[in-house]
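Structure assessment
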Amino acid sequence: MITYRSTRGRAPELPFTDVLLAGLAVDGGLYVPMSLPTLNPTIDASMSYAELAAEVIWPFVDGAIERGAFDDMVSDTYAQFDDPDVAPLIDLGEGVWLCDLFHGPTLAFKDFAMQLLGRLLDFELGRRSDRVTVIGATSGDTGSAAIRALADRERVSVVMLHPEGRVSEVQRRQMTTVDSPNVTNLAVQGTFDDCQDLVKAAFGDMELRVGAKLAAVNSINWARVMAQTAYYVSAAARVAGGGPVSFSVPTGNFGNVLAAWYAKRMGLPIQQLIVASNRNDVLTRVMATGALSAEDVVPSLSPSMDIQVSSNFERLLFEASDGDSEAVTALLDEFRASGHSEVDPRWMERIRSEFDAGRVDDEETLEEMGRVHREYGMLIDPHTAVGLRAGREQRAGTDVPLIVMGTAHPAKFGDAVRAATGENPPMPDRVGDLMDMPEHFDVIPNSLDAIRPYLPLQSEIDGSG
Ligand SMILES: *Cc1c(COP(=O)(O)O)cnc(C)c1O
């Protein structure tokens, strides 16, 4: 059975189900597996997506959940997707492919992990006769995916923080039009990083953490990363059938591309992993300079990547340091305190040998969307365009297929698509009348005290004192 340890080294080692419920470790670190499984050699392109995903993910939960129940949850999860291939591939020629990850209920790749996470949570809480309050910060897509995965579940409440005015109207409405007694939307007067800091502060406050039974479904939750490894395995099997592939991944919090890297360590023959950023390019700068340095977040056409502190990067630092949690903690403490720290050159050497990085600004993003429309008659969203452009620019050679992860449906970012192409991307039917439905959210200042009233202590709910 795989157990999990914290990147900060001061939290107990836990089995999968406890990691699922905890999200962040009590020492402020992120959980990582003590060991990695090897991909089952029977996995191939003839399997359905759900079969393949269950096979890839199973070793991470083995011993904590029964196989039959797990397989049912996986198959139920991917039955929510409206394409029979779940993560269909589109051949753009010259060995470049798009892997469309937006066929789930909220039109972005986050549904892949969140829909499974919601089911895993409900299952485990049922077994424990327990309940939790999921608190999360979102730059847009995590929030809607989490809310759709958790709304009306009996054992979970959701409190979702988004930066006021910094998510697209469709993204906001996908969250705020959900009318469910267990869902609270809060618009914070600040940035996404402020929202993320508030969530960390809530977890750091023991009365809240324990009293309100806080849980997290942010991309810091290991279950998210784990679930995402499956579509890399699926795409590689279908494009190259066991041969080498490269991936380009539109990146913000580093959760998606990190899943690709874990898949590589599990044996997937990945030649190049390209981290694609917009003008908020902290990751490109780390790769180039070896220095973590915070800059202000600048709103861009790809808002789900408008991030300056990529929380999942901590997992990579931990792995690159061979699990030196003290050095990782010192580095991150220094970064927190001063906004700057130098990554150990030996860690950087390893990281650079595994990742390439490219930055794509708004103008180039629009150009790329326009080019794809002209050449293929196809509309792509601005995040996917960043991935495609960076992938084409950073690709080392044309002999290995390049798979670009299509992270959002173009209709989710209609304004950018219209600006680039003059076309109006139609909203898929499954989304409903978002623009006509009433919204439910409160605007709050950027302070922990402002969210306290929304996190009722369980003792008050149970009336048990
Ligand atoms: C969340 C998101 C990203 C960034 O993914 P990370 O895992 O945070 O790096 C990119 N594109 C879209 C559309 C997203 O929703």
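No experiment lies behind these values; they were computed from the predicted model shown. (Residues numbered from 1 in each chain as written. Predicted model: local features only at pLDDT ≥ 70, side-chain atom pairs only at ≥ 80, totals over all residues. Heavy atoms only, no water.)

**Comments concerning the pattern of salt bridges**
To keep things clear, this is the line we draw: Just to be clear on terms, a salt bridge is a Lys or Arg side-chain nitrogen sitting within 4 Å of an Asp or Glu carboxyl oxygen. Secondary structure elements follow DSSP: runs of H or I no shorter than four residues count as helices, runs of E no shorter than two count as strands, and numbering proceeds from the N terminus. We call a residue buried when its accessible area falls under 20% of the maximum for its residue type, exposed when it is over 50%, and partly exposed in between, using a 1.4 Å probe and counting protein chains only.
Across all of its chains, the model carries 33 salt bridges by this definition. R389 is the salt-bridge partner of E367, the closest N and O atoms lying 3.1 Å from each other. With E367 in helix 15 (residues 362-376) and R389 in helix 16 (residues 382-394), this residue pair connects regions lying 22 residues apart in the sequence. Using a relative accessible area of 42% as the deciding quantity, one classes E367 as partly exposed.

**What about the site of the ligand?**
How we decide: By convention in this text, a residue qualifies as near a molecule or strand provided that one of its non-hydrogen atoms is within 4 Å of it. Contacts described as polar in this section are N or O atom pairs within 3.5 Å, which, within protein, must combine one atom able to donate a hydrogen with one able to accept it, while residues neighboring in sequence count only if both atoms come from side chains. Exposure was quantified through the Shrake-Rupley algorithm and a 1.4 Å probe, taking into account, for residues, occlusion by the shown protein chains and nothing else. Each residue receives one of three labels: charged for Asp, Glu, Lys and Arg, nonpolar for Ala, Val, Leu, Ile, Met, Phe, Trp, Tyr, Cys and Pro, and polar for the others, Gly being one of them. Where each domain starts and ends comes from a domain assignment, either automatic or drawn from a database.
Taken together, 15 residues surround the ligand, and among them K110, D141, G252, N253 and N256 come closest. Between the ligand and the protein, one listed contact pairs an oxygen atom with a backbone N or O atom of G252 at 2.7 Å. In the model, a nitrogen atom of the ligand is placed 2.9 Å from a nitrogen or oxygen of the T407 side chain. Contact with the protein chains hides 97% of the accessible area of the ligand, taken as 390 Å² for the molecule alone. A per-class count over the shell around the ligand returns five nonpolar, eight polar and two charged. When we break the shell around the ligand down by domain, the ones giving at least three residues each are domain 1 (4-79 + 108-222 + 437-462) and domain 2 (89-106 + 227-421).

**Description of the domain arrangement of the protein**
Applicable threshold: In this description, buried area is defined as the sum, over both parts, of the accessible area (probe of 1.4 Å) that is lost when the two are combined.
Each assigned domain of the protein is listed here: domain 1 (4-79 + 108-222 + 437-462) and domain 2 (89-106 + 227-421). The gap between the C-alpha centroids of domain 1 and domain 2 is 22 Å. For the pair domain 1 and domain 2, the summed buried surface comes to about 4,200 Å²; carbon and sulfur atoms form 59% of the total. A per-residue breakdown of the area domain 1 buries against domain 2 is headed by R8, L39 and F109, which together make up 15% of the total. Seen at the junction of domain 1 and domain 2, the total is two salt bridges. Across the pair R8 and E314 runs a salt bridge, and its minimum N-O distance is 2.7 Å. Our count for the contact surface shared by domain 1 and domain 2 stands at 15 residue pairs in polar contact (both at pLDDT 80 or more). Elements with a contribution of two residues or more to the side of domain 1 that touches domain 2: strand 1 (3-6), strand 3 (31-33), helix 2 (49-61), helix 4 (110-128), helix 5 (141-150), helix 6 (169-176) and helix 7 (192-204). In terms of residue count, the dominant contributor to the side of domain 1 that touches domain 2 is helix 2 (six residues). Here the residues of the side of domain 1 that touches domain 2 sort into 25 nonpolar, 14 polar and 11 charged.

**Thoughts on the sheet that holds strand 10 (residues 245-250)**
Hydrogen bonding along the main chain pairs the strands of a sheet, whether they run parallel or antiparallel. Applicable threshold: Strand pairing is defined by DSSP finding a minimum of two bridges between the two strands. Here an angle of 0 to 180 degrees is reported between the N-to-C directions of two axes, which are lines fitted to C-alpha atoms, with helices fitted over the stretch in contact. What makes two residues a contact is simply this: any of their non-hydrogen atoms within 4.5 Å.
Reading across from one edge, 4-5-15-10-11-14 is the order of the six strands in this open sheet, with mixed pairing throughout. Each edge of the open sheet is held by one strand with a lone partner, namely strand 4 (89-93) and strand 14 (356-359). The mean inter-strand angle of the sheet, taken between neighbouring strand axes irrespective of direction, is 25°. Two strands pair when backbone bridges link them, and strand 5 (residues 96-100) and strand 15 (residues 402-406) are joined in this way by five bridges, in the parallel orientation. If you follow W97 over to strand 15, its bridge partner there is I403. Running over the sheet, helix 16 touches strand 4, strand 5, strand 10, strand 11 (270-277), strand 14 and strand 15 and is turned about 130° from strand 11.

**Comments concerning the sheet that holds strand 2 (residues 14-15)**
Strand order in the open sheet made by the three strands is 2-1-3, with antiparallel pairing throughout. Two strands lie at the open edges of the sheet, namely strand 2 and strand 3, each paired on one side alone. Two elements, strand 1 and strand 3, share three bridges in a ladder whose sense is antiparallel. Along strand 3, the bridge assignment pairs R5 with V32.

**A few points about unusual backbone geometry**
Both trends apply: most residues other than glycine have a negative phi, and most peptide bonds are in trans. In the Ramachandran plot, V86 falls in the positive-phi region, its phi being about 65° despite a non-glycine side chain. On the basis of relative accessibility, which here comes to 5%, the residue V86 falls in the buried class.

**Let's talk about the layout of surface pockets**
For clarity, the threshold we go by: As defined here, a cavity is a set of points on a 1 Å grid over the protein atoms alone where a 1.4 Å probe fits but cannot get out. A pocket is an open set with protein on both sides within 12 Å along at least five of seven lines, and residues line them when an atom is within 4 Å of a point. Grid points are joined across faces, edges and corners, and a volume is the space filled by probe spheres set on the points.
Considered as a void within the structure, the largest pocket measures approximately 470 Å³ in volume. For the largest pocket, the lining is made up of 27 residues, of which S168, E169, P303, F413 and D415 are closest to its centre. Of all the secondary-structure elements, those providing two or more residues to the lining of the largest pocket are helix 6 and helix 17 (414-421). Of the residues belonging to the lining of the largest pocket, the class tally is 14 nonpolar, seven polar and six charged. Looking at which domains feed residues into the lining of the largest pocket, each of domain 1 (4-79 + 108-222 + 437-462) and domain 2 (89-106 + 227-421) gives three or more.

**Digging into the pairing of strand 10**
The condition is simple: Orient the strands so they point away from the viewer, and a crossover whose first-strand-to-second-strand path over the helix runs clockwise is right-handed.
Of all six residues in strand 10, six are buried; the element is thus mostly enclosed. Residue alternation in strand 10 divides its side chains into two sets, V245, F247 and V249 and S246, S248 and P250, and both sets are buried. Handedness of the strand 10-helix 10 (residues 255-265)-strand 11 crossover: right-handed. Looking at chain direction, strand 10 and strand 15 are connected through three bridges and run parallel.

**What about the environment of D296?**
Note on placement: D296 falls in the loop between strand 12 (291-293) and helix 12 (313-320). C-alpha of D296 to C-alpha of Q308: the two residues are 12 residues apart in sequence and 7.2 Å apart in space. Setting aside residues up to four positions removed in sequence, D296 forms contacts with N280 and Q308.

**Details of empty space enclosed by the protein**
Under the defined criterion, the tally for this structure stands at three cavities of 30 Å³ or more. The volume enclosed by the largest cavity comes to roughly 280 Å³. Forming the walls of the largest cavity are 24 residues, and the residues nearest its centre are F109, K110, G252, N253 and S304. For the lining of the largest cavity, the element with the highest residue contribution is helix 10, accounting for three residues. Across the lining of the largest cavity, the residue classes break down as eight nonpolar, 13 polar and three charged. Both of domain 1 (4-79 + 108-222 + 437-462) and domain 2 (89-106 + 227-421) provide at least three residues apiece to the lining of the largest cavity. When its volume is computed, the second largest cavity comes out at roughly 210 Å³. V309, S310, S311, L332 and F335 are, among the 15 residues lining the second largest cavity, the residues nearest its centre.

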